[in-house]
Amino acid sequence: MTVHSVPVLGGAGVSPEVPVLGAGVTLGAPPLPVLDLSGDPTIGTGSVTIALTNGPLSAPFVAAIDLVTGYYAFPGPFVGPFLLGPPPPPPFLFGVLSASGTFSLPISLAGLPPTLAHVPFHLQAVAFDVSRGAWRLSNGETVILRP
């Protein structure tokens, strides 16, 4: 799910390009990456495409998968909440976003054991924003494989 909002600042005259800090909110900061899952999650015949968009241009990224969800902050140079764990699960996918800040990978579900059916797998990605020296966390996504 992607959520958009518009700040309302009566009489402040602040342009969206200028970061404004206040009470834990940063206006004008770059958006977080968006993780999206699509495809046919049927074990044996289907495939799922993992797409990461809206990330920093040509940035390294890491994606993780977990069986549990969470919502917590982790010390360090991270922007956004961790939605997997805690603790953070080990990564399963490494890569570099394109010059336009995107990545896409289809994953075949052929050969997976039927015991994985109906198990919710939770995913989240993080991309490194070199200009800010911070890792930007994506939204979380869930896929449940079908038999």
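Rules used in this analysis
Note that residues are indexed from 1 along each chain, following the sequence as it is written. A pLDDT threshold of at least 70 governs which residues receive local features in this predicted model, and a stricter bar of 80 or more applies before side-chain atom pairs are shown or counted, although totals over entire chains, interfaces and linings include all residues. Heavy atoms throughout the structure, all of them, feed into the side-chain values; hydrogens and water do not. Working definition: helices are DSSP H or I runs of at least four residues, strands are E runs of at least two. Numbering for both runs from the N terminus. Relative accessibility thresholds used throughout: buried, under 20% of the residue-type maximum; exposed, over 50%; partly exposed, between the two (1.4 Å probe, protein chains only). Note on definitions: a residue-residue contact is assigned when non-hydrogen atoms from the two residues lie within 4.5 Å. Per-residue accessibility takes into account occlusion by the displayed protein chains alone, with areas from the Shrake-Rupley method and a 1.4 Å probe. Note on pairing: DSSP must find at least two bridges between two strands before they are called paired. To get an axis, fit a line to the C-alpha atoms, keeping to the stretch in contact for a helix; angles then go from 0 to 180 degrees between the N-to-C directions. Here the aromatic set is Phe, Tyr and Trp, taking the six-membered ring for Trp, and pairing holds for ring centres within 6.5 Å; pairs whose planes are under 30 degrees apart are stacked, those over 60 apart are edge-to-face, and all others are tilted. To define a nonpolar core, start from buried Ala, Val, Leu, Ile, Met, Phe, Trp, Tyr and Cys residues and group those joined through side-chain atoms within 4.5 Å. Throughout this description, the term salt bridge denotes a Lys or Arg side-chain nitrogen within 4 Å of a carboxyl oxygen of Asp or Glu.

Before going further, it helps to examine the overall build of the protein. Helix and strand content of the protein: 0 helices and 12 strands. Taken from N to C terminus, the helices and strands of the protein fall in the order β-β-β-β-β-β-β-β-β-β-β-β. The buried share among the 147 residues of the protein stands at 32%. Intrachain contacts of the protein at a sequence separation of at least 6 include 66% that bridge at least 24 residues. When the accessible surface of the protein is split by element, carbon and sulfur atoms take 67% of a total near 8600 Å².

Looking now at the sheet that holds strand E4 (residues 47-53). One open sheet accounts for 3 strands, arranged E3-E4-E10; its pairing is antiparallel. At either end of the open sheet lies a strand with only one pairing partner, and these are strand E3 (34-40) and strand E10 (103-108). Taking the axes of each pair of neighbouring strands and ignoring which way they run, one obtains an average angle of 15 degrees across the sheet. Where E3 and E4 come together, 7 bridges link them in antiparallel fashion. Looking at E4, one finds that Val34 is bridged to Thr53.

Reading across from one edge, E7-E12-E11-E5-E9 is the order of the 5 strands in this open sheet, with mixed pairing throughout. Looking along the sheet, the strands with just one partner apiece sit at the ends: strand E7 (78-79) and strand E9 (91-96). Across 6 bridges, the pairing between strand E5 (residues 60-66) and strand E11 (residues 120-129) is antiparallel. Paired with Ala64 across the bridge in E11 is Gln124.

Tallied over the entire structure, the rule returns 4 aromatic pairs. An angle of 55 degrees between the planes, with centres 5.0 Å apart, marks the rings of Phe128 and Trp135 as tilted. Accessibility expressed as a relative area gives 23% for Trp135, which makes it partly exposed. Taken together through their ring pairs, the aromatic side chains of Tyr72, Phe78 and Phe82 make up a single cluster.

Our focus in this paragraph is the nonpolar core. By size, the foremost hydrophobic cluster in this structure holds 20 residues, and its most contacted members are Leu52, Phe61, Leu97 and Val143. Elements that contribute at least two residues to this core include exactly E3, E4, E5 and E11. Of all the elements, E11 adds the most residues to this core, at 4 residues. Apart from the residues lying within four places of it in its own chain, the contact partners of Leu97 are Leu52, Gly55, Pro56, Ser58, Ala59, Phe61, Thr102, Phe103 and Ala127. In terms of nonpolar packing, the next biggest core, distinct from the first, is built from 5 residues, Val62, Phe82, Val126 and Leu137 among them.

Counted according to the given criterion, the structure contains 2 salt bridges. Between Asp40 and Arg146 there is a salt bridge, with the nearest N and O atoms lying 2.6 Å from each other. Here the residue Asp40 occupies a position in strand E3, and Arg146 occupies one in the segment after strand E12 (134-144), the gap between them amounting to 106 residues. Residue Asp40 is classed as partly exposed on the basis of its relative accessible area, which comes to 31%. A relative accessible area of 42% means that Arg146 is categorised as partly exposed.

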